[in-house]
Number of protein chains: 2
Amino acid sequence: MKALLIKNYIFFLILLLSLIFAIFCIKKLANFYQNKNHISNRKSEYPVLDVIINRWSSRAMSGQEISDQELMSLFEAAKWAPSPFNNQPWRFIYVKRDSLKWQDALSLLYPGNRLWSKDAAVLVLALSYKYSGPDKKLSRTHSFDTGGACQNLAIQGCYMGLVVHPVEGFDYEKTREFFKIDPNYDIEVMYVIGKPGNPESLPQNLRKLEQKSSRKTIAQFVFKDEFNDKI
Amino acid sequence: MKALLIKNYIFFLILLLSLIFAIFCIKKLANFYQNKNHISNRKSEYPVLDVIINRWSSRAMSGQEISDQELMSLFEAAKWAPSPFNNQPWRFIYVKRDSLKWQDALSLLYPGNRLWSKDAAVLVLALSYKYSGPDKKLSRTHSFDTGGACQNLAIQGCYMGLVVHPVEGFDYEKTREFFKIDPNYDIEVMYVIGKPGNPESLPQNLRKLEQKSSRKTIAQFVFKDEFNDKI
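Sequence positions are assigned chain by chain, starting from 1 and proceeding in written order. Lettering for chains starts from A, numbering for ligands starts from 1, and both go in the order in which the items are written. Note on the predicted model: pLDDT of at least 70 is required for a residue's local features to be given, and 80 or more for side-chain atom pairs to be given and counted; whole-chain, interface and lining totals, by contrast, use all residues. Side-chain calculation: all heavy atoms of the structure are included, whereas hydrogens and water are not.

### Digging into the overall build of chain A
As a reminder of what qualifies: Numbering of helices and strands runs from the N terminus, with a helix taken as a DSSP run of H or I at least four residues long and a strand as a DSSP run of E at least two residues long. Based on C-alpha atoms, the radius of gyration is set beside the globule rule, defined as 2.2 Å times the residue count to the power 0.38. Accessible area is worked out with a 1.4 Å probe on protein chains only. A residue is then buried under 20% of its type maximum, exposed over 50%, and partly exposed in between. For this analysis, residues touch if any pair of their heavy atoms sits within 4.5 Å. Per-residue and other accessible areas were derived by the Shrake-Rupley procedure at a 1.4 Å probe size, with only the shown protein chains allowed to occlude residues.
Secondary structure summary: chain A contains 8 helices and 7 strands in total. Here the C-alpha atoms of chain A give a radius of gyration of 24 Å, more than 25% beyond the 17 Å that 2.2 N^0.38 yields for 231 residues. Seen through its C-alpha atoms, chain A measures out along the principal axes to roughly 100 × 55 × 30 Å. The 231 residues of chain A split such that 48% are buried. For chain A, restricting intrachain contacts to residue pairs at least 6 apart in sequence, the fraction spanning at least 24 positions comes to 76%. Accessible surface for chain A amounts to roughly 12,100 Å². Of this, 59% is attributable to carbon and sulfur atoms.

If you want it as structure tokens, here you go:
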């Protein structure tokens, strides 16, 4: 009787240890998977701020809301970009997923982008005012300046642990009609923004894209004293 | 005799304390001066990364060189910006002040900008390739994307304590000729980059500009659900 009790005891002990070992292995694997998706392919030639090299355009989102406070911090970041004569040509229209306009705004995206953008918390359309100064001179830099403001927004979002994905795969003309945007403004890009989700929830072809992309080397896009591009 | 020693001792103690107090005052004044020039006018409505709100376009530079290591970290930052299909349309040409081309490159700037840019360490011209994909389709976002890459560069430079000042006040046509830039590329802006200098060395009219500018409020450039710009 006593021998049987000891045998059972040892059996349960082995079971418990196996369970702990299995959990340990799963955690290690999950870590490996995460590292694979979030660090792979990014090699820095020179030292650079973490938030710049870690920013990337993920697609996996959870469908959770983001707070107005969080959203406003993104616009706050955009606000401090530079522009000639402090023109600040950037404008943003946002539609949150609790808005009556959510489904219609989502349908402006091309079908391939709708597949993953449906789990976003907010869509943000970036526009630029094309003129500058009191004499409304055509600005050379309105798109460029708005690109700078948007990069601030994306960096701030990455720092806050959000998915901030710029998209040009949407119907620009329908979007202009939908939001009644007059011709004084250029439509730049749409930002798909949300809380990170599980990459496993994405369709197979998008799951493969769920890793940080690489870049050209500096020697391929930077030239000393003279222009010498090989394209 | 003993009384005299004590008197001398007290005298030196007072002198030492006065000296410490004077150093304390000078430091406070220096801080006040720095804050006046570097923090004034910037009020954040919502929390945002320090490096984003602290970046600004100063003009006071010292004429010191910057190392190639430092310069390459700026391009490293630019590298990791997003672009559709990872096109990376940004290109940079740089001319350092020890280059034979320095004076000629500097003369591309309009006279008002030459006044302060002469004390820079390097001029960086930002270009964008206008097409994308194997069928060379005109890109909608090449200027916008390059604006993003340049904002990375500016943020990295600010973080490293450099002056990184974007300028559109230069002769775009002469610049195209000077660097033999073919029409497949748009000229975006010129960056004037250097080590910070003493604002007192600037001409009076530029000294007044040597403070951080303010911005519109979020309510003036962000719209919920529908576009409603008041320009």
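### Structural notes on the pairing of strand S6 (residues 185-194) of chain B
Sheet faces and side chains relate simply in a regular strand, where the side chains alternate between the two faces. Residue and element names in this part refer to chain B. The line we're drawing: Strands were regarded as paired on the criterion that DSSP finds at least two bridges between them.
Among the 10 residues of S6, 9 are classified as buried, and the element is accordingly described as predominantly covered. Note that strand S2 (residues 122-129) and S6 share 7 bridges and pair antiparallel. By the bridge assignment for S6, Val 124 is matched with Tyr 191. The pairing of strand S5 (residues 163-167) with S6 spans 5 bridges and is antiparallel. The residue of S6 that forms the bridge with Val 163 is Gly 194.

### Some thoughts on the sheet that holds strand S6 (residues 185-194) of chain A
Rules: Comment: axis = line fitted to C-alpha atoms, over the contacting stretch for helices; angle = value between 0 and 180 degrees taken between N-to-C directions.
Pairing within the open sheet is mixed, and its 5 strands lie in the order S5(A)-S6(A)-S2(A)-S1(A)-S7(B). Both outer strands of the open sheet, strand S5 (163-167) of chain A together with strand S7 (222-224) of chain B, are each paired with one neighbouring strand and no more. With direction set aside, neighbouring strand axes in the sheet form an average angle of 25°. The strands touched by helix H6 (residues 142-159) of chain A are strand S1 (90-96), strand S2 (122-129), S5 and S6 of chain A; relative to S6(A), the strand with the most contacts, the crossing angle is about 10°.

### Points about the relation of the copies chain A and chain B
Stated formally: Here the copies are matched by least squares. The fit uses the C-alpha atoms of residues with pLDDT of at least 70 in both.
With an RMSD of 1.8 Å, the operation that places chain A on chain B is a rotation of 179° combined with a shift of 0.7 Å along the axis. One copy is carried onto the other by what is essentially a two-fold rotation axis. The fraction of interface residues of chain A whose copies in chain B are also interface residues reaches 100%, indicating that both copies meet through the same surface.

### Notes on the confidence of the model for chain A
To keep it simple, the criterion reads: Every residue gets a pLDDT, meaning the predictor's confidence in that residue, from 0 to 100.
Of the residues in chain A, 94% reach a pLDDT of 70 or more, and the chain-wide mean stands at 92. Counting interchain partners and residues more than four positions distant, the pLDDT-below-50 stretch residues 35-39 of chain A has 9 contacts.

### Some remarks on the domain arrangement of chain A
Interface size is commonly expressed as the accessible surface area that is lost when the partners come together. To be explicit about the condition: Either an automatic procedure or a domain database provided the assignment from which the domain bounds are taken.
What the domain assignment lists for chain A is domain 1 (1-39) and domain 2 (55-215). Taking the mean C-alpha position of each, domain 1 of chain A and domain 2 of chain A sit 44 Å from one another.

### Here's the deal with the interface of chain A and chain B
Just so we agree on the cut-off: Buried area is calculated as the accessible area (1.4 Å probe) missing from two parts once they are joined, with the contributions of both summed. A pair is scored as a salt bridge if a Lys or Arg side-chain nitrogen falls within 4 Å of a carboxyl oxygen belonging to Asp or Glu. Note on residue categories: nonpolar means Ala, Val, Leu, Ile, Met, Phe, Trp, Tyr, Cys or Pro, charged means Asp, Glu, Lys or Arg, and polar means any other residue, Gly included.
Between chain A and chain B, the contact holds 77 residues from the first and 77 residues from the second. Buried area between chain A and chain B, both sides added, is near 7,200 Å², and the carbon and sulfur share of it is 62%. Between the two partners, chain A and chain B, sit 4 salt bridges. The set of elements that each furnish at least two residues to the side of chain A that touches chain B consists of helix H2 (50-54), helix H3 (68-79), S1, S2, H6, S6 and strand S7 (222-224) of chain A. Broken down by element, the side of chain A that touches chain B gets its largest block of residues, 11 residues, from H6(A). When its residues are assigned to classes, the side of chain A that touches chain B shows 39 nonpolar, 20 polar and 18 charged. The pairing of S7(A) with strand S1 (residues 90-96) of chain B spans 3 bridges and is parallel. Pairing of A:Val222 across the sheet is with B:Phe92, part of S1(B).

### Focus on the UniProt feature "transmembrane region" (unreviewed entry) in chain A
The following threshold applies: UniProt positions are given in the numbering used here, feature names are shortened, and annotations may be inferred rather than shown by experiment.
What UniProt calls "transmembrane region" (unreviewed entry) maps, in this numbering, to residues 6-26 of chain A. Helix makes up 100% of residues 6-26 of chain A and strand makes up 0%, while its end C-alpha atoms are separated by 30 Å.

### Examining the packing of helix H3 (residues 68-79) of chain B against helix H6 (residues 142-159) of chain B
Residue and element names in this part refer to chain B. To keep it simple, the criterion reads: Angles below 35 degrees are treated as roughly parallel, those above 145 as roughly antiparallel, those between 65 and 115 as roughly perpendicular, and all remaining angles as oblique. Each crossing gets its hand from how the near helix is turned against the far one by less than a right angle, where anticlockwise is left-handed and clockwise is right-handed.
Between H3 and H6, the shortest axis-to-axis distance is 7 Å and the interhelical angle comes to 140°. Here H3 is positioned oblique relative to H6, judged by the angle of their axes. For the pair H3 and H6, the crossing hand works out as right-handed. Along its contact with H3, which presents Ser 73, Leu 74, Phe 75, Ala 77 and Ala 78, the element H6 presents Ala 149, Asn 152, Leu 153, Gln 156 and Gly 157. Looking at side-chain class alone, the contact of H3 with H6 contains 6 nonpolar, 4 polar and no charged residues.

### A look at the sheet that holds S1(B)
Pairing within the open sheet is mixed, and its 5 strands lie in the order S7(A)-S1(B)-S2(B)-S6(B)-S5(B). This sheet does not close on itself; its edge strands, each paired only once, are S7 of chain A together with S5 of chain B. Here the average twist between neighbouring strands, direction ignored, is 25°. By the bridge criterion, 7 bridges tie S1(B) to S2(B) in an arrangement that is antiparallel. Its bridge partner lying in S2(B), B:Phe92 is registered against B:Ala126.

### Some details on empty space enclosed by the protein
Residue and element names in this part refer to chain B. Using the following cut-off: Buried and open spaces are told apart on a 1 Å grid over the protein atoms alone, a cavity being a set of points where a 1.4 Å probe fits but cannot get out and a pocket being an open set with protein on both sides within 12 Å along at least five of seven lines. Residues with an atom within 4 Å of a point are the lining residues. Grid points are joined across faces, edges and corners, and a volume is the space filled by probe spheres set on the points.
The final tally for this structure, using the stated rule, is 1 cavity of 30 Å³ or more. Approximately 30 Å³ is the volume attributed to the largest cavity. Along the walls of the largest cavity sit Ile 93, Tyr 94, Val 95, Ala 105, Leu 108, Leu 123, Leu 125, Phe 179 and Met 190, which together make up its complete lining. Breaking the lining of the largest cavity down by element, the ones donating at least two residues are S1 and S2. Of all the elements, S1 adds the most residues to the lining of the largest cavity, at 3 residues.

### Focus on the packing of aromatic side chains
We apply this condition: Think of it this way: a Phe, Tyr or Trp ring, Trp meaning its six-membered ring, pairs with another when their centres are within 6.5 Å, and the plane angle makes it stacked under 30 degrees, edge-to-face over 60, tilted otherwise.
In the structure shown here, the tally under the stated rule is 20 aromatic pairs over all chains. Seen from their ring centres, A:Tyr185 and B:Phe227 are 4.9 Å apart, and the 85° between their planes marks the pair as edge-to-face. On the criterion of chain membership, the pair formed by A:Tyr185 in strand S6 and B:Phe227 in the segment after S7 is interchain, its members lying in two chains. Where B:Phe178 meets B:Phe179, the ring centres are 4.8 Å apart and the plane angle is 80°; that geometry is what we call edge-to-face. Owing to a relative accessible area of 22%, B:Phe178 belongs among the partly exposed residues under this scheme.

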